[in-house]
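Architecture at a glance
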Amino acid sequence: MHELSLIAGMMDLIRNSADKNQITQISRIKLVVGKLSMALPHSLSFAFETLAQEELFKDAELLIEEREICCQCQQCQQQYVAEMPSRLFCPYCGSSDTQMLTGRELFIEFYEGD
Amino acid sequence: MAQIRMETNILGANDMLAAKNRRIFKEAGMLVVNLMSSPGSGKTTLLEKTIEGIKGRIRLGVIEGDLYTDQDAMRIENKGVEVVQINTEGTCHLDASMVEKAWRRLAHHPIQLLFIENVGNLVCPAEFDLGEHFKVVVLSTTEGHDKVLKYPLVFNQARAVVLNKIDLLPYTDFDMDAFSRDLQLVNPMVKVFRVSGRTGEGIDQWNQWLLEEVGKQHF
Ligand SMILES: Nc1nc2c(ncn2[C@@H]2O[C@H](COP(=O)(O)OP(=O)(O)O)[C@@H](O)[C@H]2O)c(=O)[nH]1
Ligand SMILES: [Mg+2]
Ligand SMILES: [Zn+2]
């Protein structure tokens, strides 16, 4: 629901950085989105298409990498990928005392431009 | 062609402001609770009952988040508690900067327990740290027990879940066992309170817990 404001925030961060690095045309942006973050990749892409009208962004492609939800069981120490956000418990021993290692990411990895 | 590596969280700006809020709240010696639920689960009603129960024992304040109206703030004001309204004008969640602005209007009041009623929504508010000490989710029996697995993030992050409208339990197909089991899966440590904002059932235990938490000083 708030993908538009997330993308606006992302564009602010990149605009500042591009300004410092004297980049005037961006060709690619790589965003990493964890599956437990509440942002939907296709909504993020749609928001970017809608907002990226200015010169700096108009030819930019937005790449989105989804990160799995990886957990480590605090009982048996096994690491595993949780298939669904609602199934975080350990498939090895059934414990729900688990620590999330990845899955909540929402960050700009890099951008490219001239 | 240059590649610039950023490795920058896009919620970073919010997280920094939230950290600043947390410092401000700490200096003010105040416990801050971020109250979240779907629209109509009973956040404002719960606050009204809480105020009736503990107003005499502790100094309370409320920040009310709402899309457009100030009706909830009026309800709180009628209970004689300091309240500031934030209208998000369509934004689906509160963020740390909105809370900071609202807090400035309360700062001269000596508050021990500050509630922030978030915008009614189980999705987006879960991602925005406001600088609170902990989050509490209100779920009502009429919404169904399946909401825990449908919105795991918000339930995963909560220190406590208040199951409201238990007076309506006989008229719903809410499955208490499934609710407890699912909650255990997404958040084994969570405290659960079963209350009715209508009859007042369970409110005493909730209030008691709040007073204990204030006493603990999370600072
Ligand atoms: N039957 C019943 N109704 C409730 C209860 N708590 C709240 N309500 C009603 O539910 C509606 C929404 O409550 P409100 O506190 O405004 O919800 P909010 O949107 O989460 O702040 C109102 O009509 C309340 O009177 C309860 O425990 N039982
Ligand atoms: Mg309300
Ligand atoms: Zn295990």
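About the criteria used
Within any chain, residue numbers begin from 1 and follow the written order of that chain's sequence. Going through the entries in the order they are written, you letter the chains from A and number the ligands from 1. Totals for whole chains, interfaces and linings use all residues, but because this is a predicted model, local features are given only for residues with pLDDT of at least 70 and pairs of side-chain atoms are given and counted only at 80 or more. The side-chain quantities take in all heavy atoms of the structure and omit both hydrogens and water. For our purposes a nonpolar core is just a set of buried Ala, Val, Leu, Ile, Met, Phe, Trp, Tyr and Cys residues, chained together by side-chain atoms within 4.5 Å. A 1.4 Å probe rolled over the protein chains alone gives each residue an accessible area, and that area as a share of the maximum for its type sets the label: buried under 20%, exposed over 50%, partly exposed in between. A helix here means a DSSP run of H or I that spans at least four residues, while a strand means a run of E at least two residues long, and both kinds are numbered starting from the N terminus. It only takes one pair of heavy atoms within 4.5 Å for two residues to be counted as in contact. Stacked, edge-to-face and tilted are the three classes for Phe, Tyr and Trp ring pairs, Trp counted by its six-membered ring, which pair at centre distances within 6.5 Å; planes under 30 degrees apart are stacked, over 60 edge-to-face, the rest tilted. Donor criterion used throughout: N, O or S atom within 2.8 Å of the metal, extended to 3.2 Å for Na, K and Ca. Water excluded; incomplete-looking sites may result. Here, proximity means that at least one heavy atom of the residue falls within 4 Å of the molecule or strand. Polar contacts, as counted here, are pairs of nitrogen or oxygen atoms within 3.5 Å of one another; within protein the pair requires one atom able to donate a hydrogen and one able to accept it, and residues that are adjacent in sequence qualify only if both atoms are side-chain atoms. To be clear on the numbers: accessible area is Shrake-Rupley with a 1.4 Å probe, and residue cover counts the displayed protein chains and nothing else. Definitions used throughout: a 1 Å grid over protein atoms alone; a cavity as a set of points that fits a 1.4 Å probe which cannot get out; a pocket as an open set with protein on both sides within 12 Å along at least five of seven lines; a lining residue as one with an atom within 4 Å of a point. In this scheme, a molecule is assigned to a cavity or pocket if more than half of its atoms are within 2 Å of the grid points. A four-donor site is called tetrahedral if each angle lies between 85 and 135 degrees; a four-donor site is square planar, and a six-donor site octahedral, when trans pairs exceed 155 degrees and the remaining angles lie between 65 and 115; all other cases are labelled irregular. Between any two strands, pairing holds if DSSP finds at least two bridges. For the handedness criterion, the strands are oriented away from the viewer, and a crossover whose path from the first strand over the helix to the second runs clockwise is classed as right-handed. An axis is simply a line fitted to the C-alpha atoms; with a helix, the fit covers only the stretch in contact. Between two such axes, the angle follows the N-to-C directions and lies from 0 to 180 degrees. Comment on the angle field: the value is read as roughly parallel under 35 degrees, roughly antiparallel over 145, roughly perpendicular from 65 to 115, and oblique elsewhere. Working rule for handedness: look at the near helix, and if it is turned counterclockwise from the far one by less than a right angle, call the crossing left-handed; if clockwise, right-handed. Residues were grouped as follows: Ala, Val, Leu, Ile, Met, Phe, Trp, Tyr, Cys and Pro as nonpolar; Asp, Glu, Lys and Arg as charged; and all remaining residues, including Gly, as polar.

Some words on the nonpolar core
- Ranked by internal contacts, the top residues of the largest apolar core, which has 32 residues, are F155(B), V161(B), F179(B) and L183(B).
- Mapped onto this core, the elements with two or more residues apiece are β3 (69-73) and β4 (79-82) of chain A together with β6 (134-140), α5 (147-150), α6 (152-157), β7 (158-164) and α7 (176-186) of chain B.
- At 4 residues, the largest contribution of residues to this core is made by α7(B).
- In this structure, V161(B) is in contact with V137(B), F155(B), F179(B), L183(B), V190(B), K191(B), V192(B) and F193(B), ignoring residues within four places of it in sequence.
- Counting residues in hydrophobic clusters, the runner-up holds 29 residues, among them A73(B), V83(B), L113(B) and V214(B).

Things to note about the packing of aromatic side chains
Residue and element names in this part refer to chain B.
- Within the structure shown, the criterion is met by 7 aromatic pairs over all chains.
- Relative to W209, the ring of F134 has its centre 5.4 Å away and its plane inclined at 50°; by these criteria the two rings are tilted. Within this pair, whereas F134 is found in strand β6, its partner W209 is found in helix α8 (residues 203-216), the two being separated by 75 residues in sequence.
- Among the aromatic residues, ring-to-ring pairing joins F134, F193, W206 and W209 into one connected group.

Notes on the coordination of the magnesium ion (ligand 2)
All names here are of chain B.
- Donor atoms from the polypeptide that bind the magnesium ion (ligand 2) are T44 (OG1), D72 (OD) and E117 (OE), placed at 2.1 Å.
- Sequence positions of the residues that donate to the magnesium ion (ligand 2) give the spacing T-x27-D-x44-E. With a gap of 28 residues between them, T44 in helix α2 (residues 43-54) and D72 in helix α3 (residues 71-77) connect regions that are remote in the sequence. Judged on exposure class, the residue T44 and its partner D72 are both buried.

Looking at the site of ligand 1
Residue and element names in this part refer to chain B.
- Lining the immediate surroundings of ligand 1 are 17 residues, of which K43, T44, T45, D167 and G197 lie closest.
- Within the side chain of T45, an N or O atom sits 2.5 Å from an oxygen atom of ligand 1.
- N164 places a polar side-chain atom, nitrogen or oxygen, 3.0 Å from a nitrogen atom of ligand 1.
- When ligand 1 sits alone it has 580 Å² of accessible area, and the protein chains cover 76% of it.
- According to the grid-proximity analysis, the pocket containing ligand 1 is the second largest pocket.
- Top contributing element to the shell around ligand 1 by residue count: α2, with 3 residues.

Topic: the coordination of the zinc ion (ligand 3)
Residues and elements named next belong to chain A.
- Taken together, the protein donors to the zinc ion (ligand 3) comprise C73 (SG), C76 (SG), C90 (SG) and C93 (SG), at separations of 2.3 to 2.4 Å.
- Around the zinc ion (ligand 3) sit 4 donor atoms; with metal-centred angles ranging over 105 to 117°, the donor geometry is tetrahedral.
- Between consecutive donors of the zinc ion (ligand 3), the numbers of intervening residues give the motif C-x2-C-x13-C-x2-C. Pair noted here: C76 is in the loop between β3 and β4 and C90 is in the loop between β4 and β5 (98-102), with a separation of 14 residues, a long-range link.
- Looking at C76, the relative accessible area reads 30%, which means it is partly exposed.
- Take C90: its relative accessible area is 1%, and that puts it in the buried class.

Remarks on the pairing of strand β1 (residues 26-34) of chain A
All names here are of chain A.
- In terms of burial, β1 is largely enclosed, as 7 of its 9 residues are buried.
- Here 7 bridges tie β1 to strand β6 (residues 106-113), and the two strands are oriented antiparallel to one another. By the bridge assignment, V32 is partnered in β6 with F107.

Some details on the pairing of strand β4 (residues 82-87) of chain B
All names here are of chain B.
- The pairing of strand β3 (residues 60-66) with β4 spans 6 bridges and is parallel. Within β4, the residue paired with E64 across the bridge is Q85.
- The parallel pair β3 and β4 is bridged by α3, and the resulting crossover is right-handed.

A look at the packing of helix α1 (residues 3-20) of chain A against helix α2 (residues 41-51) of chain A
All names here are of chain A.
- Where α1 contacts α2, the two axes come as close as 9 Å, and the packing angle between them is 60°. By the angle between their axes, α1 is oblique relative to α2. In this structure, α1 meets α2 at a crossing whose hand is right-handed. Contact residues: α1 offers E3, L4, L6, I7, A8, M10 and M11, while α2 offers S43, L44, A47, F48 and L51.
- Residue composition of the contact of α1 with α2, by class: 10 nonpolar, 1 polar and 1 charged.

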